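Listed below are the residues making up each chain.
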Amino acid sequence: MTALLKNRWLWTGVIWAGALFSAFWNHQAIDTILSIQAQNQALRRELIFQQQNARKLARIQEEHAKLFIAAESVQLGMLTAKSIIGELASRLELNMSQMTLAPPQKGSERLSLNLSFSGPIERIVHFLTALTPQRFLHQKQITLKFDPKKGTGTCELALLLRCRIHPDALNESKPNEPMARSAL
Amino acid sequence: MFHKKNRLIAATDKKIFFSETCGLNRDFGLVELSLPQFVSHEFDSRMLSTFQQTRSEILLIVPDHWFKHEFFSFKSKRDSLIKPFIERKLKTTYPHLPLAPYLSSYLFQQRDLEGAGVRVFHLFEPSSFGLYEALCKTGLPPRWITTAALLWEERFKRRGTEFSTQAALLIHLHPHEAFLYFYFHGNFLFSRAVALAESAERWDALLFEVNQSIYLFSQKAKSDLNMIYLIGDAAGFQQRLSEFLGRPVQRIAGTGATSALPRELAHLEDLLEPGDVPAPGDAYSVTHRRIQQEVKWRPVQWAGMLVAALLFLFFIGEYLWLERRLQDEMGARSQMRYQQPLALADYDAALIELTEDAKRPSGADTILKIVSALPEEVLIDEFKMDSDALRLDLAATVAADSVDQFRNRLRALIENMNRHLKLDPPLTIEDVVFNLEEAKSQTVQTHYKIAWKINLP
């Protein structure tokens, strides 16, 4: 062991290895810094762009928020959506035979909602027309069966409810109006 | 400034002395061991612990007769040729001394009689190899191995060129002993130690021994003595010697600093510099080939270590600087991210989602378009729309009096569909399927069940 420690070649090798390792380490650090610098430059450009286009971006944010129903929890969002649909169907005197909601998955903001209702064709179309502005309720599939003799129809509607959890949603909620929050 | 004092080991035929300085003084930590005990490692190793802990090079001084001095004729002056030649020569001449070729030194010389060649001296005494190996085993390999005669030779050669050209006798006088060293043209020939008796005739006895030795010298060197040097003097011996030999005797002053030497090492008195062990030149000492290689590569190793250490320090400094830069950049990134809660990529994704949403056909609108596109006597049975796949499945009943009327109503339906829904590629009659079996004939008209699929634009 002592002979090994006295070996100058060994020490020379060890010091060179240390020097080369630190060079390699620094190279990695330089790469990291360059990468962060590039990210920072991109961020800086983005920041300038955002400042210059603040109004347009705010509009996008606002419009995008309309695609979601803001609620304190997914269940509450579901409840609100069901209430809106139920209210609309009742006002149009449609016969709502089925309304099923797929149980929400943890962390998911999108929920499936299946409706089945019947009534006069004009009212069904009116129902669908009234549902269109509610953009958080995306109409995925519509199956409409007509009975020409009676002038009625049966509609099966598969909806996708887009919900976004927002803690203050209820505080600012207005009756009969889904909360559209700026939350991209 | 960075000179490290060398350590000294002096060996006699029976004993070995270890000293951290050149003093070889019993009062200053001199360790004395029996040579056979040391060689067979039968000694208390703690005795040498202090000596072993010191990190400096070791000079080993052995008796003169442990070395053999020879001259081999050789024309070339090149080291690369001389070294293998000596190695080969010593291996074949002394096969019983395998270490001798590695513990030898040489000097190229041009002699009057022998011509060009190399003066070689090497360890010859078998016990010297045992001692060398024991020293290596103890962790004390000597950097230089030399003798008193070689050290005197070096010292006298340094004094001037006269010594190198003449036949010289050096008498080193002590109160109890006198040492005679004979040199011819600067090359050591032989030495003698003469014990001085405690009587009035001691000087006569010494003169007799000197005379005998000079006779031996003249036989060996085939030359007369040119110079006689006397180191140390007592009771006017210089004058008596001069008168006896009939020639001048040059007196050389000794250092006088090593008077407390053990009696066995009296021959080293006046030879060593006070306070340090001088490193002898390569021409006056032998060094093992392995150690020679180590010494040769030492500057390269130190330079390598120094360069690597400097680079290492530089890189450490660079790393610290880079680390600070990294922290700064990361701080700046965090600050910018704080100022920008949403990235442009998020806006981009939102825009894509909005566009897709806007492109998606409205169910109510599509129904109205389909209904408005229906010609007379065509009634929709089923409307099925997949807004994600942009696909429409339709089923209808066409009432017609004849096949021609059915064909005309079908054409009108297709034409209206293409116009109202702006289909691309347009719908054709071939896209419409109708089940003939399901066609029900009523009193006047036949009801044809048709179905078709539309890919919405």
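Residues numbered from 1 in each chain as written. Chains lettered and ligands numbered in written order. Predicted model: local features only at pLDDT ≥ 70, side-chain atom pairs only at ≥ 80, totals over all residues.

Caption draft 1: Representation of the packing of helix 2 (residues 8–52) of chain A against helix 9 (residues 289–339) of chain B in the model. Orientation of helix 2 of chain A relative to helix 9 of chain B, taken along the N-to-C sense of each, is 20°, at an axis distance of 8 Å. Taken together, the axes of helix 2 of chain A and helix 9 of chain B lie roughly parallel to each other. Viewed along their axes, helix 2 of chain A and helix 9 of chain B form a crossing whose handedness is left-handed. Residues belonging to the contact of helix 2 of chain A with helix 9 of chain B are distributed by class as follows: 26 nonpolar, eleven polar and seven charged. (Axes fitted to C-alpha atoms, helices over the stretch in contact; angles between N-to-C directions. Helix = DSSP H or I, 4+ residues; strand = E, 2+ residues; numbered from the N terminus. Parallel < 35°, antiparallel > 145°, perpendicular 65-115°, else oblique. Left-handed = near helix turned anticlockwise from the far one by under 90°. Nonpolar A, V, L, I, M, F, W, Y, C, P; charged D, E, K, R; others polar.)

Caption draft 2: The pairing of strand 6 (residues 104–111) of chain B, seen in detail. The sheet contact formed by strand 6 of chain B and strand 7 (residues 115–123) of chain B spans eight bridges and is antiparallel. In the strand pairing of strand 7 of chain B, Gln 110 of chain B is matched with Ala 116 of chain B. (Pairing = 2+ DSSP bridges.)

Caption draft 3: Inspection of the interface of chain A and chain B at higher detail. Contacts between chain A and chain B engage 47 residues on the former and 48 residues on the latter. At the level of secondary structure, the elements contributing two or more residues to the side of chain A that touches chain B comprise helix 2, helix 3 (54–65), helix 5 (121–131) and strand 4 (137–147) of chain A. Looking at the side of chain A that touches chain B element by element, the count peaks at 26 residues for helix 2 of chain A. Grouping the constituent residues of the side of chain A that touches chain B by class yields 24 nonpolar, 16 polar and seven charged. Inspection of the sheet shows strand 4 of chain A paired to strand 14 (residues 378–386) of chain B by five bridges, in the antiparallel sense. What sits directly across from Ile 142 of chain A, in strand 14 of chain B, is Met 385 of chain B. (Contact = placed C-beta atoms within 7 Å.)

Caption draft 4: Quick peek at the environment of Pro 98 of chain B. Residues and elements named next belong to chain B. Of note, Pro 98 is situated in the loop between helix 3 (79–93) and strand 6. Owing to 11 C-beta atoms within 10 Å, Pro 98 belongs among the exposed residues under this scheme. Along the primary structure Pro 98 and Phe 129 are separated by 31 residues, whereas in three dimensions their C-alpha atoms are 9.2 Å apart. (Buried ≥ 20, exposed ≤ 12 C-beta atoms within 10 Å, placed from the backbone.)

Caption draft 5: The environment of Arg 55 of chain B, seen in detail. All names here are of chain B. Tracing the backbone shows Arg 55 in the loop between helix 2 (49–53) and strand 4 (58–62). On the basis of neighbour count, Arg 55 is assigned to the exposed category, with 8 C-beta atoms found within 10 Å. Linking Arg 55 and Asn 6, residues 49 residues apart in sequence, is a C-alpha distance of 8.8 Å.

Caption draft 6: Up close: the sheet that holds strand 3 (residues 31–34) of chain B. Residue and element names in this part refer to chain B. Read from one edge of the open sheet, five strands run 3-2-1-4-8, paired in mixed fashion. In this open sheet, the two strands that pair with only one neighbour each are strand 3 and strand 8 (144–147). Neighbour-to-neighbour, the strand axes of the sheet open up by a mean angle of 20°, direction not taken into account. Bridge count for strand 4 against strand 8 is four bridges, and the pairing is parallel. Bridging across to strand 8, Leu 59 finds its partner in Trp 144. With respect to the sheet, helix 5 (residues 148–159) is in contact with strand 4 and strand 8, its orientation differing from that of strand 8 by roughly 90°.

Caption draft 7: Local environment of the packing of helix 5 of chain A against helix 11 (residues 363–372) of chain B. Close contact between helix 5 of chain A and helix 11 of chain B brings their axes to 7 Å; oriented N to C, the two are set at 140°. By the criterion of interaxial angle, the relationship of helix 5 of chain A to helix 11 of chain B is oblique. When helix 5 of chain A is examined against helix 11 of chain B, the residues Val 125, Leu 128 and Thr 129 of chain A are found in contact with a partner set consisting of Gly 363, Ala 364, Ile 367 and Leu 368 of chain B. Of the residues belonging to the contact of helix 5 of chain A with helix 11 of chain B, the class tally is five nonpolar, two polar and no charged.

Caption draft 8: The sheet that holds strand 13 (residues 250–252) of chain B, seen in detail. Residues and elements named next belong to chain B. One open sheet holds the five strands; their spatial order is 11-10-9-12-13, and the pairing between them is mixed. With partners counted over all chains shown, the strands left at the sheet margins are strand 11 (187–195) and strand 13, one partner each. Across the sheet, the axes of successive neighbouring strands diverge by a mean angle of 20°, strand direction being ignored. Pairing analysis gives five bridges linking strand 9 (residues 167–173) to strand 12 (residues 227–231), with the strands arranged parallel.

Caption draft 9: Local environment of helix 12 (residues 403–421) of chain B. All names here are of chain B. A rise of 1.5 Å per residue sets the reference length of helix 12, with its 19 residues, at 27 Å; its end C-alpha atoms lie 26 Å apart and thus fit the reference within 8%. Among the residues of helix 12, Phe 406, Arg 409, Leu 410, Leu 413, Ile 414 and Met 417 are the ones counted as buried. One side of helix 12 holds all its buried residues, which, seen down the axis, span an arc of 140°. Facing away from the buried side of helix 12 by over 90 degrees, the exposed positions are Asp 404, Arg 411 and Arg 419. Along its buried surface, helix 12 packs onto strand 14, strand 15 (391–400) and strand 17 (446–455). Just beyond helix 12, the residue with positive phi is Lys 422, at close to 50°. (Expected span 1.5 Å × (residues − 1). Arc of directions from axis to C-beta.)

Caption draft 10: Layout of the confidence of the model for chain B. Residue and element names in this part refer to chain B. When pLDDT is averaged across chain B, the result is 86; 91% of the residues are at 70 or more. Per-element mean pLDDT across chain B ranges from 69 in strand 16 (residues 433–441) up to 94 in strand 8. With a pTM of 0.62, the predicted complex shows an ipTM of 0.73. (pLDDT = per-residue confidence, 0-100.)

Caption draft 11: Main features of the nonpolar core. Core analysis: the biggest nonpolar cluster contains 66 residues, and Ile 9, Ala 10, Leu 60, Ile 171, Leu 180 and Tyr 181 of chain B have the highest contact counts within it. When near neighbours in sequence (up to four residues on either side) are disregarded, Leu 60 of chain B contacts Ile 9, Ala 11, Pro 142, Trp 144 and Ile 145 of chain B. Core analysis: the next-biggest nonpolar cluster, separate from the first, contains 33 residues, Phe 127, Leu 137 and Cys 155 of chain A together with Phe 383 of chain B among them. (Core = buried A, V, L, I, M, F, W, Y, C linked by C-beta atoms within 7 Å.)

Caption draft 12: Representation of the environment of Glu 133 of chain B. Residues and elements named next belong to chain B. In this structure, Glu 133 sits in helix 4 (residues 126–137). Take Glu 133: there are 13 C-beta atoms within 10 Å of it, and that puts it in the partly exposed class. Along the chain, Glu 133 and Leu 99 lie 34 residues apart, while their C-alpha atoms are 9.8 Å from each other.

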